[in-house]
Amino acid sequence: MIHGVEVKRLITHVDERGALTELIRRDDPFFEQFGQCYVSVSYPGVIRGWHYHKKQTDYFTCVKGMIKVPLYDIREDSPTYGELNEFFIGDDNRIVVKIPAGVLHGFKNIGHEPCYLLNFPTEPYNPDDPDEYRIPWNSPDIPYNWDIQFK
Ligand SMILES: Cc1cn([C@H]2C[C@H](O)[C@@H](COP(=O)(O)OP(=O)(O)O[C@H]3O[C@@H](C)C(=O)[C@@H](O)[C@H]3O)O2)c(=O)[nH]c1=O
């Protein structure tokens, strides 16, 4: 796994009223600090990315629907420079993925309904100087195919 990427498997408590799932706790081993939390809704088939940050760490989960989340290490000083990881997150796989600064990331809604991604970045968003850097989703420099891979 890319250096610094971590995965927390979530536990869902179910009873006859419904379900409760903790997402992130201050005492989680992978927790750094709280910056903000936001929800991002994407329609089926939508790709967001590639993005990376220079300061903040992201914590992705998907609370409704299913997304695939490719990560690509572009940190030249990283022991996993050039490594690609892919995660499937959502109704069928309840996890939180920690994405360190400098790791290229994005996600695609692979479901048939709008997906609800929650992110818990370690820094609050600054609209005057956003820590947001982008590379085109279809850049030939990144060895990733966003299409559904049939096997
Ligand atoms: C990220 C963010 C955006 N915004 C605003 C800016 C803009 O008007 C609108 C949409 O923002 P964007 O187009 O940057 O949203 P988006 O392209 O979805 O950007 C996000 O993509 C995912 C994959 C990530 O990795 C995030 O770090 C972030 O880069 O929301 C906030 O107010 N707060 C925020 O924290």
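Bear in mind the structure is a predicted one, so any value in this text is a computation, not a measurement.

### Structural notes on the pairing of strand β3 (residues 18-21)
Okay, so step 1: Of the pairings in the sheet, the one linking strand β2 (residues 12-15) to β3 comprises four bridges and is antiparallel in character. Bridge pairing in β3 links Val14 to Ala19.
Okay, so step 2: The hairpin turn running from β2 into β3, its antiparallel successor, is two residues long.

### Some thoughts on the pattern of salt bridges
Okay, so step 1: Under the criterion given, the structure shown has 10 salt bridges.
Okay, so step 2: A salt bridge links Lys8 to Asp28, with the shortest nitrogen-to-oxygen separation between them at 2.8 Å. Placement of Lys8 in strand β1 (residues 6-9) and of Asp28 in the loop between β3 and β4 (38-42) is noted, with a sequence separation of 20 residues between them. The same class applies to Lys8 and to Asp28, which are both buried.
Okay, so step 3: Between Arg94 and Asp91 there is a salt bridge, with the nearest N and O atoms lying 3.3 Å from each other.
Okay, so step 4: It is possible to trace a salt-bridge network through shared partners that takes in Glu6, Glu32 and Lys98.

### Thoughts on the packing of aromatic side chains
Okay, so step 1: Applying the stated criterion to the full structure yields six aromatic pairs.
Okay, so step 2: Seen in terms of ring centroids, Phe30 and Tyr59 are 5.0 Å apart; in terms of plane orientation they differ by 75 degrees. Their pairing is edge-to-face. Here the residue Phe30 occupies a position in the loop between β3 and β4, and Tyr59 occupies one in strand β6 (residues 58-64), the gap between them amounting to 29 residues. In terms of burial, Phe30 and Tyr59 fall into one category: buried.
Okay, so step 3: Ring geometry for Trp50 versus Trp146: centroids 5.0 Å apart, planes at 50 degrees, classification tilted. In this pair, Trp50 is assigned in strand β5 (residues 47-52) and Trp146 in the segment after β12 (133-134), connecting sequence segments 96 residues apart.
Okay, so step 4: For Trp146, a relative accessible area of 3% gives the class buried.
Okay, so step 5: An aromatic cluster of three or more residues is present, and its members are Trp50, Tyr144 and Trp146.
Okay, so step 6: We note Lys54 situated over the ring of Tyr133; from NZ or CZ to the ring centre the distance is 4.3 Å.

### Some remarks on the site of the ligand
Okay, so step 1: Around the ligand, the structure places Gln36, Tyr38, Arg48, His51, His53, Asp58, Phe60, His105, Phe107, Tyr125, Glu132 and Arg134.
Okay, so step 2: Interatomic distance of 2.8 Å between a side-chain N/O atom of Gln36 and an oxygen atom of the ligand.
Okay, so step 3: The set of elements that each furnish at least two residues to the shell around the ligand consists of β5, β6 and β10 (103-109).
Okay, so step 4: Its residues placed into classes, the shell around the ligand shows four nonpolar, four polar and four charged.

### Side note on a nonpolar patch on the surface
Okay, so step 1: Together, Val39, Val41, Val63 and Tyr116 give the surface a local cluster of nonpolar side chains, amounting to about 290 Å² of exposed area.
Okay, so step 2: Counting through the fold element by element, Val41 comes out in strand β4.

### Overview of the pairing of β5
Okay, so step 1: Summarising the sheet, β5 and β10 pair through four bridges and their orientation is antiparallel. Its bridge partner lying in β10, Ile47 is registered against Lys108.
Okay, so step 2: Here β5 pairs with β12 via two bridges, running antiparallel. Residue pairing across strands places His51 opposite Arg134, the latter belonging to β12.

Parameters at a glance
- Residues numbered from 1 in each chain as written.
- Predicted model: local features only at pLDDT ≥ 70, side-chain atom pairs only at ≥ 80, totals over all residues.
- Heavy atoms only, no water.
- Pairing = 2+ DSSP bridges.
- Helix = DSSP H or I, 4+ residues; strand = E, 2+ residues; numbered from the N terminus.
- Salt bridge = Lys/Arg side-chain N within 4 Å of Asp/Glu carboxyl O.
- Buried < 20%, exposed > 50% of the residue type's maximum accessible area, 1.4 Å probe, protein only.
- Phe/Tyr/Trp six-rings, centres within 6.5 Å; stacked < 30°, edge-to-face > 60°.
- Lys NZ or Arg CZ within 6 Å of the ring centre and 35° of its normal.
- Near = heavy atom within 4 Å.
- Polar contact = N/O pair within 3.5 Å; in protein donor to acceptor, adjacent residues only side chain to side chain.
- Nonpolar A, V, L, I, M, F, W, Y, C, P; charged D, E, K, R; others polar.
- Patch = residues over 30% accessible without salt bridge, like charges linked within 9 Å, V, L, I, M, F, W, Y side chains within 5 Å.
- Areas by Shrake-Rupley, 256 points an atom, 1.4 Å probe, with all protein chains shown as cover.

Geometric values such as these leave the question of function open.
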